[in-house]
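Listed below are the residues making up each chain.
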Amino acid sequence: MKKVKKIIIDISKKNKLFRKFFKKLRILVDKCRYNKYKYTTKVDDKTILFEAYQGRNYACSPKEIYLQMLKDSRFKDYNFIWCFKDIDRNFEDKRTTLVKRGTKEYYKAYAKSKYWIVNSLVHESFVPKKKQVFVQCWHGTPLKKLRCDIEFDSLLNDVKDIRKRNDIDARRFDYFISPSKFCTEKFTSSFNLKKLKKENIMIEEGYPRNDFLFSYTEKDVKKLKQELNLPNDKKVILYAPTFRDNQHKSGVGYTYELGIDLDKLQDKISDEYIILFRTHYFVANSIDLEKYKGFIYDVSKYDDISRLYVISDLLITDYSSVFFDFANLKRPMLFYMYDLDEYKNQLRDFYIDIEELPGPIIDKEEDLINEIKNIKNYEKTYKDKYKKFNEKFNYLDDKNSSKRVIDKIFENL
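Model, not experiment: these values are computed from the prediction.

S.K.: How should the sheet that holds strand β15 (residues 361-362) be read in this particular structure?
M.R.: Backbone hydrogen bonds are what pair the strands of a sheet, in a parallel or an antiparallel way. Taken together, the six strands give an open sheet; going across it, the order is β12-β11-β8-β13-β14-β15, and neighbouring strands pair in parallel fashion. The sheet terminates laterally at β12 (296-298) and β15, the two strands that pair on one side only. Examined bridge by bridge, strand β11 (residues 273-277) and β12 share three bridges and lie parallel to one another. Following the sheet pairing, I275 is matched in β12 by I296.

Here it is, written out as structure tokens:
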């Protein structure tokens, strides 16, 4: 099957008509499978379905909303379903069932659940019934342009296809979570909500995904470091680059090419720092870090990045939206954008002026190392810019966003 998939992707990259035909065929097959259960399964008003990153993680706003519901007496007789690619997980709550993506139980779960609470895309064929409620949490404040705001074709999708797919997705939404006025504006534009008469579905109450950043304790930090087997005598750098639309390998998926000399980094900063390396969830290739054992820890498969934020002293990223969330902690951030011109002008472009970012924009490895070694000067240089940044993008985030979102969705309970 992997070889067949690789051949199909190769042909799709070269032949637009074949790509469109194969997508339509795949959607038709999925639709037939789903409709089999959609029209034979009754909606249960007290069943809520959760899915994060298309089943890859137990994380983000769906997780925090779920955790809040477990403490809320209004949901004491509700049932919860979590959808995962891998269901080898332990959930203590007896009301919670795990289902594996792609199985008949998965299709039944979507057909049965009154509420769908997700943070990414859902099968195009999964069209909710009138009684069902689709809550789109999304997975971060956007720096790079999304959906209908993208102006460049990618390897597998041209702009026209992206916009067509977007409208299929967005027509299904009943609620869309937004952490700020800025996000409400950008989500409304990028998901074409005004044209689809969906501009009033926004719940602008902060990001549930960030509740933990305001409620964690030192005990949590100690436990997390023990879980990852991290030393206590070193400072922690979280390095979280995003994927590139033009780095895709048939049969593998999106790949990531290191834009940094890890040997040099180890030589210059390993006496004081360790690095948590986390690639975007789209990135399928693994990078061999064995020779950097004890200095670089691969946390790409760690479920919840918010738990990594609280144990990190410093964030290094590029165009990933992680820095919006991390900024709630008011800790130093460095922006290593070694391919800035290509990314901005050929791939995505940005929603904000990068001069607003509360940290240095770096395009050379030597400068990155110097900034790390001189991080003690960071607060003095970026204090005012950091304050303005949080006032614009994170002013609604606190430990109670999940509760406020739940109250909006279930206001009649």
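S.K.: Explain the pairing of strand β4 (residues 113-118) here, please?
M.R.: Working note: regular strand, side chains alternate between the two faces of the sheet. Within β4, six of the six residues are buried, which leaves the element mostly enclosed by the surrounding structure. Two strands pair when backbone bridges link them, and strand β1 (residues 44-51) and β4 are joined in this way by five bridges, in the parallel orientation. Following the sheet pairing, L49 is matched in β4 by W116.

S.K.: How should the packing of helix α3 (residues 60-71) against helix α15 (residues 401-409) be read in this particular structure?
M.R.: Relative orientation and spacing of two packed helices are given, respectively, by the angle between their axes and the distance between those axes. Put simply, α3 and α15 touch, their axes get as near as 9 Å, and they point 80° apart. Viewed along their axes, α3 and α15 adopt a mutual orientation that is roughly perpendicular. Two secondary-structure elements touch here, α3 through E64, I65, Q68 and M69 and α15 through S402, K403, V405 and I406. Residue composition of the contact of α3 with α15, grouped by class: four nonpolar, two polar and two charged.

S.K.: Teacher, can you tell me more about the sheet that holds strand β6 (residues 175-178) here?
M.R.: Pairing within the open sheet is parallel, and its seven strands lie in the order β3-β2-β1-β4-β5-β6-β7. Of all the strands in the sheet, the pair left with one neighbour each is β3 (96-100) and β7 (202-204). Pairwise comparison of adjacent strand axes, ignoring direction, gives a mean angle of 20° for this sheet. Note: strand β2 (residues 79-84) against β3, five bridges, orientation parallel. Paired with F80 across the bridge in β3 is T96.

S.K.: Can you walk me through the nonpolar core in this structure?
M.R.: The nonpolar side chains of a soluble globular protein tend to be buried, and buried together. Core analysis: the largest hydrophobic core is formed by 121 residues, its most contacted members being I48, M69, Y110 and I372. Discounting chain neighbours no more than four positions away, the residues touching I372 are I237, L265, I269, Y273, L314, I316 and L334.

S.K.: Please explain a positive patch on the surface as it appears in this structure.
M.R.: A contiguous patch of positive charge on the surface is contributed by R33, K36, K104 and K108. Contributing elements (two or more residues each) for the positive patch: α2 (16-38) and α4 (104-112).

S.K.: What should I look at first to understand the pattern of salt bridges in this one?
M.R.: Pairs can form between side chains of opposite charge whenever their charged atoms are close. Summed over all chains, the structure comprises 29 salt bridges. Linking E51 and R101 is a salt bridge whose minimum nitrogen-to-oxygen distance equals 2.9 Å. Highlighted residues: E51 in strand β1 and R101 in the loop between β3 and α4, separated in sequence by 50 residues. Relative accessible area serves as the criterion here: at 2%, E51 is assigned to the buried category. Relative accessible area serves as the criterion here: at 22%, R101 is assigned to the partly exposed category. A salt bridge links D398 to R404; the shortest N-O distance between them is 3.0 Å. The class for D398 is partly exposed, based on a relative accessible area of 24%. When salt bridges with common partners are traced through the structure, they connect E124, R147, R165, D169 and R172 into a single cluster.

S.K.: Explanation requested: the layout of surface pockets in the structure shown.
M.R.: It is the rolling of a water-molecule-sized probe over the atoms that shows where space remains empty. Empty space within the second largest pocket amounts to approximately 660 Å³. In this structure, the second largest pocket is lined by 17 residues; those nearest its centre are Y58, K63, K223, E227 and R307. Among the elements of the structure, α3 and α8 (218-227) are those that each provide at least two residues to the lining of the second largest pocket. Residue composition of the lining of the second largest pocket, grouped by class: eight nonpolar, one polar and eight charged.

S.K.: It is not clear to me how the packing of aromatic side chains should be interpreted in this structure. Could you clarify?
M.R.: Aromatic ring pairs are defined here through the distance separating the ring centres and the angle between the ring planes. Counted by the stated rule, this structure contains 46 aromatic pairs. Their ring planes at 40° and their centres at 6.4 Å tell us that W82 and F91 sit as a pair that is tilted. Assessed through its relative accessible area of 0%, W82 is described here as buried. Lying across the ring of F84, R89 places its NZ or CZ 4.1 Å from the centre.

S.K.: I keep staring at α8 and nothing clicks. Help me out?
M.R.: Each turn of an α-helix holds 3.6 residues, which means side chains three or four residues apart point in the same direction. Listed in full, the buried residues belonging to α8 are V221, L224 and K225. Taken end-on, α8 shows its buried residues confined to a sector of 100°, consistent with a single buried face. Summarising the geometry of α8, the exposed residues directed more than 90 degrees from the buried face are K219, K222, K223, Q226 and E227. Looking at the buried positions of α8, the neighbouring elements they touch are β8 (235-240) and α10 (305-309). Phi for N229, located one or two positions after α8, is positive at around 60°.

S.K.: What is the right way to read the environment of A59 from this model?
M.R.: Structurally, A59 is set in the loop between β1 and α3. When the C-alpha atoms of A59 and I305 are compared, they prove to be 7.7 Å apart, with 246 residues separating the residues in sequence. Sequence-distant contacts of A59, that is, excluding residues within four places in its chain, are made with A52, Y53, W82, D303 and D304.

S.K.: Looking at this model, I keep getting lost on the pairing of strand β5 (residues 133-136). Mind explaining?
M.R.: Side-chain alternation along β5 places V133 and V135 on one buried face and F134 and Q136 on a second face that is also buried. As defined by bridge partners, β4 adjoins β5 across four bridges and the pair is classed as parallel. The partner of I117 across the bridge, within β5, is V135. Inspection of the sheet shows β5 paired to β6 by two bridges, in the parallel sense. Looking across to β6, one finds that V135 is bridged to Y175.

Rules used throughout
- Residues numbered from 1 in each chain as written.
- Predicted model: local features only at pLDDT ≥ 70, side-chain atom pairs only at ≥ 80, totals over all residues.
- Heavy atoms only, no water.
- Pairing = 2+ DSSP bridges.
- Helix = DSSP H or I, 4+ residues; strand = E, 2+ residues; numbered from the N terminus.
- Buried < 20%, exposed > 50% of the residue type's maximum accessible area, 1.4 Å probe, protein only.
- Axes fitted to C-alpha atoms, helices over the stretch in contact; angles between N-to-C directions.
- Parallel < 35°, antiparallel > 145°, perpendicular 65-115°, else oblique.
- Contact = heavy atoms within 4.5 Å.
- Nonpolar A, V, L, I, M, F, W, Y, C, P; charged D, E, K, R; others polar.
- Core = buried A, V, L, I, M, F, W, Y, C linked by side-chain atoms within 4.5 Å.
- Patch = residues over 30% accessible without salt bridge, like charges linked within 9 Å, V, L, I, M, F, W, Y side chains within 5 Å.
- Areas by Shrake-Rupley, 256 points an atom, 1.4 Å probe, with all protein chains shown as cover.
- Salt bridge = Lys/Arg side-chain N within 4 Å of Asp/Glu carboxyl O.
- Lys, Arg positive; Asp, Glu negative; His and termini not counted.
- Charge placed at Lys NZ, Arg CZ, Asp CG, Glu CD.
- 1 Å grid on protein atoms, 1.4 Å probe; cavity = no way out; pocket = protein on both sides within 12 Å on 5 of 7 lines; lining within 4 Å.
- Points joined across faces, edges and corners; volume = space filled by probe spheres on them.
- Phe/Tyr/Trp six-rings, centres within 6.5 Å; stacked < 30°, edge-to-face > 60°.
- Lys NZ or Arg CZ within 6 Å of the ring centre and 35° of its normal.
- Arc of directions from axis to C-beta.

No statement about biological role is implied by the geometric values presented.
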